[in-house]
Each structure stands twice: as C-alpha cells, then as structure tokens.
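Examination of the molecular architecture
Take a look at the letters that make up each chain.
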Amino acid sequence: MVNIAVLGYGTVGSGVVEVINTNPECINLRAGDEINIKYVLDLREFPGSPIENILVHDFDTIIKDDTVSIVVEVMGGVEPAYTFVKQSLLAGKHVCTSNKELVAKHGPELLTIAREKNINFLFEASVGGGIPIIRPLTSSLTADEIIEISGILNGTTNYILSKMTDEGWDFDKALEKAQALGYAERNPEADIEGYDACRKIAILSSLAFNDNVDFEDIYTEGISSITAMDVAYAKKLDMAIKLLASSKKEDDNFYAMVAPFLVNESNPLHAVNGVFNGIFVKGNVIGDIMFYGSGAGKLPTASAVVSDVVDCVKHINTNISIIWSSKKLPLTNIDEAVFRYFVRIEGRKANRLKDVTDAFGSIEEVVELEGAPDEFGVITDLTSEKNFKERAKKLDGIISRIRIK
C-alpha cells in the first residue's frame, strides 16, 4: 500500500479524491500497488463528506508521517504551496501538483531537489488540465528538437471569445456568464489579461527548450480590449479571434508571447471552442502534432493529477528525468517578430485609404462592414512589430489592431 496526502480540498482536490474512489481497481492495477488517501489537508471542516475522518488542519501531521510517500498539492498560489512542497521533497516524499504558478516560478529548483533525493516532482495537470502535454514533451518527443509551441491554453478566455463569436455577445456579458458557470473567478484578471496562459507557455517552453523561460519576460496581452465589432470583422474574414500562447525558435533566437490572434479556418485551432484547449507542437523530425481536450475542470484536471500519482508509485525508488535547467533562456525582443496585422481605422474608406497606404505601404485587403460606415479595416503585409509601431504613428484614427496567425 502507498499512502498519499492531498493538500487542499477545493475543486481539484475533491476531484482527486473522487477519481481515486471512483476507479480504484484500474488505478491500482496500473500503479502496481494500492493507493490509499491517508490525509487531506484543509483549513475548513467538511462534515459528512468522504474525507471527514482523514481531514487534518496542520501540515506537520503529514510531513512528520514517514508512511506518507506521495504529497498531492492542489492548493494553488505560490504560498504556502511552495513551502509545503519544498519541505515534502526535502523529506523524501514525491510531489504531484496542478499548480502552474508554483511550477512556473520554482520548477527548476523543485526538480533539482527531487533529482538529488531520487524522488519525483510531477506536474502534468499544471498545463492543459486533462490534456497530456507535459509527459509527451519530456518523454515521447525526446527524439525531436522542438521548434514551436502554439495553442489555446486558457479555457475561460476561449469560452468568452466563443460566446462573443457564436452568440454575438459583448465582452462583459460573456465574462458574466463565464463567472456564473464557474469558469471564471470573481476576480478574472489572471485569465482575461493573459497571465494564466503566460505561466503555462513558460512551463512548456522551458521543457521544450531545456533552459528556464521566465514568465515575467514573456510579452503578454489579454482579451479585455476585444469588442463585438472586432469579432464581427473576424467573421467577415472567415477567421476567429483566439488568445494564443506561443513560443518559437528561429535560428538562435527564441520568441514567446501571449496575445489575441486572428486564426483562419484552415488552422485547426479555429475550431477549438468553449472551454476546450488545443496545443500545437512542431518538431524538426515529427512535424506538426496537436493535443486537444478539456483544458480545465474538476475531473479532467484531477485525472491528470492522479496519472502523476500512478507514475510516482510505478517509480517509487526512481527519479523520472525531466530536463529543465535553472539557466535563464534570454528571449528575443518581440519587436523583432514578424506578423500580418488587421487594423481598424476611423473614417470612410474613400477618404482615408490613401492615408493608410502612405503609412503602411501596400496592404493585402480592405474590409468594410454593413452598419459601420464610419470605419473600415485593412490587413497589412508581413512586417516586424517594430516597423508596425513606427508606421502606426504616422496614421491618426487607429481603433485597434490584432495580429494574424
């Protein structure tokens, strides 16, 4: 029997308990041993719940119990999660976590401790919810040099943008509905401003490129400025607006960013809607592969956590090699990245098109919407971020701009 302790009995923590209690036979068979939840740590009381008799309020109870082999951290946030996880690893206990904030900030350090102690620090559920992506990057794709990762990594923003597209809602209405359904927090800033996706692409990029990508170095834009009119133009262009988190290696340069993009119908990410996530990985040998599934939610995320628990049981005396150096990977300034842009401009096309071409040079397409006679849109040629900013200064009346994938 292998004893585990679950830190936190919120959405994911209760899901971990539910998954283990729902599928004990197949889980134990795949683990090669019986998994027993000995403790659940939480400050609250849960009378009448399945964990009533194993609930503890003091972490010392867990850290001092030598019979606990695996600690599952699903509390969220950096503290006290970091302190508890580090103490667990130093005490020789394996750790599985869904905490992307913790992993993005302290991943290399915690992996180093686990390696030195010949135990494991696993975090499959920290990116993509129930989608297996960490394990493929660290084991299945080790024959490839990863060139690019790009995807929809936040289900909340994808739900909001999907509702704006499919139902014609404005941003505020879609956000309110997401909050009512539990997809968005009362304070949704981490989701809608792109910070959640930023931490996730930092984790994936660090694993793909081996050195540490600091999430604080990643250029990040959210979706709070996207309007119903932006969405209307996207539909006219047979495109969809998606919040994409991406990183890319070009020669010796590494780029990483989070921002809204226009995605055309030929791109499979165009069809990733609702709270689902989709992640593209490009390798120099395998080419393009895509991972798709539930990017959040109680049971999908809990399933990924339990898969890590099973892996720890199977490797109870062995460290699973995960390469993530503490050496910082310098990112190339996003000003050097090259995109096409969709730009909305005040005024009538007949009166302003010459101003636009004088500023941007040649343009690929001009777009007008019925019901919006006092503005129009253009698609620019490929140009660097720096050049676009310089050209945009020459043109008055720019309403918005969105990059095109």
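Since we're looking at a predicted model, the values are computed, not measured. One numbering rule holds for all chains: residues counted from 1, following each sequence as written. Note on the predicted model: pLDDT of at least 70 is required for a residue's local features to be given, and 80 or more for side-chain atom pairs to be given and counted; whole-chain, interface and lining totals, by contrast, use all residues. To obtain the side-chain values, all non-hydrogen atoms of the structure were used and water was disregarded.

**Here we look at the overall build of the chain**
A run of H or I in DSSP becomes a helix once it reaches four residues, and a run of E becomes a strand once it reaches two; helices and strands are each numbered from the N terminus. Within the chain one finds 14 helices and 17 strands. Oriented by its inertia axes, the alpha-carbon framework of the chain measures out at about 75 × 45 × 30 Å. Partly exposed describes any residue whose relative accessible area lies between the buried limit of under 20% and the exposed limit of over 50%, with all areas from a 1.4 Å probe on protein chains only and scaled to the type maximum. Put simply, the chain has 405 residues, and 54% of those count as buried. Whether two residues touch is decided by their heavy atoms; if any such pair falls within 4.5 Å, the residues are in contact. By sequence separation, contacts in the chain at least 24 residues apart represent 73% of the contacts at least 6 residues apart. Working definition of accessibility: Shrake-Rupley area with a 1.4 Å probe, residue cover restricted to the visible protein chains. Put simply, the chain shows about 17900 Å² of open surface, and 47% of that area lies on carbon and sulfur atoms. Think of it this way: Lys and Arg go in the positive column, Asp and Glu in the negative one, and His and the chain ends go nowhere. Charge placement uses NZ in Lys and CZ in Arg. For Asp and Glu, CG and CD serve respectively. Averaging the positions of the 41 positive and the 59 negative side-chain charges in the chain gives two centres separated by 2 Å.

**With respect to a nonpolar patch on the surface**
For patch building, the residue pool is restricted to those with more than 30% relative accessible area and no salt bridge; the joining distance is 9 Å between like charges and 5 Å between nonpolar side chains (Val, Leu, Ile, Met, Phe, Trp, Tyr). The term salt bridge refers to a side-chain nitrogen of Lys or Arg lying within 4 Å of a carboxyl oxygen of Asp or Glu. A surface patch of nonpolar side chains, about 280 Å² in accessible area, is lined by Phe276, Met290 and Tyr292. Its place among the elements puts tyrosine 292 in strand E12 (residues 287–294).

**With respect to helix H11 (residues 228–236)**
Every buried residue of H11 is listed here: Asp230, Val231, Tyr233 and Ala234. For H11, the angular spread of the buried residues around the axis is 160°, confining them to a single face. Phi for aspartate 238, located one or two positions after H11, is positive at around 60°. The arc under discussion is defined with respect to the helix axis, by the directions toward the C-beta atoms.

**Topic: the packing of aromatic side chains**
Planes of paired rings set the category: under 30 degrees apart is stacked, over 60 is edge-to-face and the rest tilted, where pairs are Phe, Tyr or Trp rings (Trp by its six-membered ring) whose centres lie within 6.5 Å. Applying the stated rule across the entire model yields 12 aromatic pairs. Judged by centre distance (4.1 Å) and plane angle (15°), the rings of tyrosine 341 and phenylalanine 388 are stacked. Residue tyrosine 341 is located in strand E13 (residues 338–346), and its partner phenylalanine 388 is located in helix H14 (residues 385–392); the two are separated by 47 residues in the primary sequence. Each member of the pair, tyrosine 341 together with phenylalanine 388, is buried. Taken together, Phe261, Phe339, Tyr341, Phe360 and Phe388 form an aromatic cluster joined through their ring pairs.

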